[in-house]
Amino acid sequence: MDYFYMRVSKREQCEDRQLLEARKLQIPPEQIYTDKKSGKNFERDGYESLLRVLRKNDVIYIKSIDRLGRNYLEIQNQWRILTKEMGVDIAVIDMPLLDTRLNKDLMGTFIADLVLQILSFVSQSERDMLRSRVIDGLTAARERGVRFGRPVIAAPANFGRLVHKWENGSLHFNDALAKSGLTKATFYRRLREYREAQKQ
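Since this is a predicted model, take the numbers as computed values, not measurements. (Residues numbered from 1 in each chain as written. Predicted model: local features only at pLDDT ≥ 70, side-chain atom pairs only at ≥ 80, totals over all residues. Heavy atoms only, no water.)

(A) Up close: the overall build of the protein. If you tally the helices and strands in the protein, you get eight helices and four strands. Listing every helix and strand of the protein by position from the N terminus yields β-α-β-α-β-α-α-β-α-α-α-α. Counting all 200 residues of the protein, 36% fall into the buried class. In the structure as shown, the protein presents an accessible area of about 13100 Å², 54% of it carried by carbon and sulfur atoms. (Helix = DSSP H or I, 4+ residues; strand = E, 2+ residues; numbered from the N terminus. Buried < 20%, exposed > 50% of the residue type's maximum accessible area, 1.4 Å probe, protein only. Areas by Shrake-Rupley, 256 points an atom, 1.4 Å probe, with all protein chains shown as cover.)

(B) Looking closely at the nonpolar core. Grouped together as the largest cluster of nonpolar side chains are 18 residues, with contacts concentrated most on Ile-60, Ile-62, Ile-65 and Leu-68. When contributions to this core are tallied by element, the ones reaching two or more residues are strand S1 (2-8), helix H2 (45-53), strand S3 (59-62), helix H3 (65-68), helix H4 (72-85) and strand S4 (89-92). Looking at this core element by element, the count peaks at three residues for H4. Within the second largest apolar cluster, eight residues are counted, among which are Phe-4, Ala-22, Ile-27 and Val-59. (Core = buried A, V, L, I, M, F, W, Y, C linked by side-chain atoms within 4.5 Å.)

Below you can see the structure in the form of structure tokens.
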């Protein structure tokens, strides 16, 4: 049986290019497995479902090695499990040297293993560099004063009076909350800040 495995890292990313390759190969839709998840490990629903249906001499097509994964050691390990333990063939469309159906002699196996190691290394390096660039970008943005996360909701101008009325019992908590326009959690956060300010 022929199968096709596709992966993109994020929900909003599109797998159209990979799907086009699967259609060129005339892989039936029920034999196409997809994940929208990071390639840092192989804990993915689509991949695990594919493993359950694979049998000896089946073929898995993937567009490129980074679609299989982006962790050097994990890619090596999964490749070994699939090809050596399960007896499955893998065909990497963008790298014809990584087609285990071809050149099964010692030299062919050596070349395929060498290419796999190089591409696995490149795949993880790209992932590591991307993470590094994201962290550097966030750090630079914070240094420029950019704030991330939800915007801070300030207490209303009459917050002190509302707190005073609530604390002396002339205003019910729910009424104080409604008049403040804050959620319960935000009200308590602003209350802590207000009390700290009163101590100073």
